[in-house]
Amino acid sequence: MSDSTHRIITLARHEYRSAVRSRILIVLLGILVTVTAVSVYIASVDYASKLADYQAYVNAATTSGLDRIAPSPLAALSLLRGAMEYIEIIGAVIAIALGYLTVSRERTNRTLPLIRSRPVTSGELATGSLLGALGVIATLVAVTAVVGIVCVGTIGHDWINATQALKLFLGYLAAIVYMGAFYCLGAIATAKSRVAANGLMIALGIWLIVVLVLPQIGDTMDADNQIPGGLFKALGLGHDGEAQILTHFTTYERIRTWTEEASLAKHFERFSFAMTDVKERYRPFNLPWLLGQTRNDIGWLIAYSAALYAGLRRTFRNQPTIPQGGTQ
Amino acid sequence: MNSPVIELRGLSHRYDTDPVLRDIHLTIEAGEIFGFLGHNGAGKTTAINILTTLIEPTSGTAKVCGYDVVTERRDVTRCIGYLPAEVRMYGHMTAAENLEFFAKLSGVTDPRKAVAETLDYLECAELANKRVGSFSTGMRQRIGIAQAIVHRPKVLFLDEPTSGLDPLGVRQLRDTILRLNGDLGMTVFMNTHLLSEVSKVCTTIGVLNHGELIYKDSIEETTRRFPDEASLEDIYVRMETAS
């Protein structure tokens, strides 16, 4: 192991241990796990009832000698929709709080000069901190995943199979990348602000725009969302008809698409919903097809995260170790 | 003759338009205990910050252990230890955990052993498993020195190491500095106000006045040069008023 790798691991472990000792973080984690458990529990109770109905139908059809039995319209993974939505909203806040704590902890303890007077580069500091935070995020995501899977299995009476487990793994992997991006945002905003709390406020402001405002604008601008059930469905138009109408609104649709594309949260939502069978149209297809369909969202998720990581490295490089104009 | 461990050539620094260090030329040889004196705001801490690679000079060059503090930053940080003016460290961690963390960052191969040896050397092994957040100023200062020497650096930078210490703490610190210099051969660069300690500890002094180095010589030569003055404090006051 190289000296640099050794230092990065040391910094990552330090970040992880310090973060899990933070009371604020423990409270936020508790909230996320609780709301996830409640959401999946409620969905699972409803699901168990529907599953029992379907089972009764299968039994009746088998008894009456029917050759063709309709496939189950139910999707166990879709019960985790709430879990993914909470990660999208609360998970992002937790990640921002983690980033804020990374910077404010060093400022409060005045330990940055002690670290930077050692052979530690700003890149190693950024990478080590991010890896430690990703460790915390992975732990959090794993806890919510276990809670969700156990609820679906025990209450919904439908344990997920290996293929579903793989899809779920990819969905949660995307959640870690997504939250990692917000960690970088929180750390960058805090490091760039003289007063750490101001940085936190700025990061939360950006979170508000990216996670809540932009997707909402995009959804509201979607012509199909103008009436319940979908405008085009109400007009009796299929996909081709819809596409034909939208050719008359290309600029409008382009602006709407850009608005949605600008939101990191939207890309995570699309991918995680595809992996958890939330969208009915995705359910009949296998994993390679789904990955192909969501490659744009995967690309944007990676691009946003990579850009924010680069920003974190740059910010740590330019961050003054000693406040300028301080003690002489 | 010993080789120079610290070399400043035309070193200057300014914060915005405010000059803090002006054209400093200074050489400190291996094994010296150098006391950097000067009034508040003279530029002493800025000099240490540059020498410990925490800030870059506006102009001029500075070398520590033969390495340039700007272009060979990593090599410099491998051979230095640094104690800032106010030691805090991670309050939620024990002294041993803090020291182990910094030892690992310095590339110490057996950090646990190095921490135990350092705490034994500084006669404060009883602090190992206590949280730093509960420490008094004196205890924090001892752990601060421990973090600065845990990797056995060649040069030790101390910024106002006696500030906040009681007389007993000051004496302990003085003994520690002399032992580090005598036993481990560390060169010590120390910013201080406490002139009584300087005369007991330092081999060489430098006086900084409004960013300019106005004097540098050994303690022996200094007392020889100013025979009329009773103490180093009198000599220092005379230098300051003359400049």
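Described below are features of the structure shown in this document. If you're wondering where the values come from, they're calculated on a predicted model, not measured in any experiment.

Regarding the pairing of strand 3 (residues 33–38) of chain B
All names here are of chain B.
Here is step 1: Burial of strand 3 is extensive: 6 of the 6 residues sit out of reach of the surface.
Here is step 2: Both faces of strand 3 are covered, namely the face carrying I33, G35 and L37 and the face carrying F34, F36 and G38.
Here is step 3: By the bridge criterion, 4 bridges tie strand 3 to strand 8 (residues 187–191) in an arrangement that is parallel. Bridge pairing in strand 8 places I33 opposite V188.
Here is step 4: Sheet topology places strand 3 next to strand 9 (residues 204–209); 5 bridges connect them, and they run parallel. Among the inter-strand pairings, G35 is bridged to a residue of strand 9, identified as I205.

With respect to the packing of aromatic side chains
Residues and elements named next belong to chain B.
Here is step 1: With the rule as written, the count across this model stands at 14 aromatic pairs over all chains.
Here is step 2: Ring geometry for F36 against F189: centres 5.3 Å apart, planes inclined by 65°, an arrangement best described as edge-to-face. Separated by 153 residues along the polypeptide, F36 in strand 3 and F189 in strand 8 bring together distant segments of the chain.
Here is step 3: Exposure remark for F36: the relative accessible area of 1% places this residue in the buried category.
Here is step 4: A relative accessible area of 1% places F189 in the buried class.
Here is step 5: Judged by centre distance (5.7 Å) and plane angle (75°), the ring pair of Y90 and F101 falls under edge-to-face.

A closer look at empty space enclosed by the protein
Here is step 1: In total, this model carries 2 cavities of 30 Å³ or more according to the counting rule given.
Here is step 2: Contributing to the lining of the largest cavity are 15 residues, with T102, E106, L125, S129 and F316 of chain A lying nearest its centre.
Here is step 3: Of all elements in the fold, only helix 1 (3–20), helix 3 (81–109), helix 4 (112–116) and helix 5 (122–154) of chain A reach the threshold of two or more residues within the lining of the largest cavity.
Here is step 4: The element that contributes the greatest number of residues to the lining of the largest cavity is helix 3 of chain A, accounting for 4 residues.
Here is step 5: Residue composition of the lining of the largest cavity, grouped by class: 8 nonpolar, 4 polar and 3 charged.
Here is step 6: There is about 40 Å³ of room inside the second largest cavity.
Here is step 7: Around the second largest cavity sit T162, V170, L173, R174, I177, M190, T192, E197 and V201 of chain B, which together line it.
Here is step 8: Elements that contribute at least two residues to the lining of the second largest cavity include exactly helix 6 (167–183) and helix 7 (195–201) of chain B.
Here is step 9: Ranked by the residues each element gives to the lining of the second largest cavity, the list is headed by helix 6 of chain B, at 4 residues.
Here is step 10: Looking at the lining of the second largest cavity residue by residue, the classes come out as 5 nonpolar, 2 polar and 2 charged.

So, how was this worked out
- Residues numbered from 1 in each chain as written.
- Chains lettered and ligands numbered in written order.
- Predicted model: local features only at pLDDT ≥ 70, side-chain atom pairs only at ≥ 80, totals over all residues.
- Heavy atoms only, no water.
- Buried < 20%, exposed > 50% of the residue type's maximum accessible area, 1.4 Å probe, protein only.
- Helix = DSSP H or I, 4+ residues; strand = E, 2+ residues; numbered from the N terminus.
- Pairing = 2+ DSSP bridges.
- Phe/Tyr/Trp six-rings, centres within 6.5 Å; stacked < 30°, edge-to-face > 60°.
- 1 Å grid on protein atoms, 1.4 Å probe; cavity = no way out; pocket = protein on both sides within 12 Å on 5 of 7 lines; lining within 4 Å.
- Points joined across faces, edges and corners; volume = space filled by probe spheres on them.
- Nonpolar A, V, L, I, M, F, W, Y, C, P; charged D, E, K, R; others polar.

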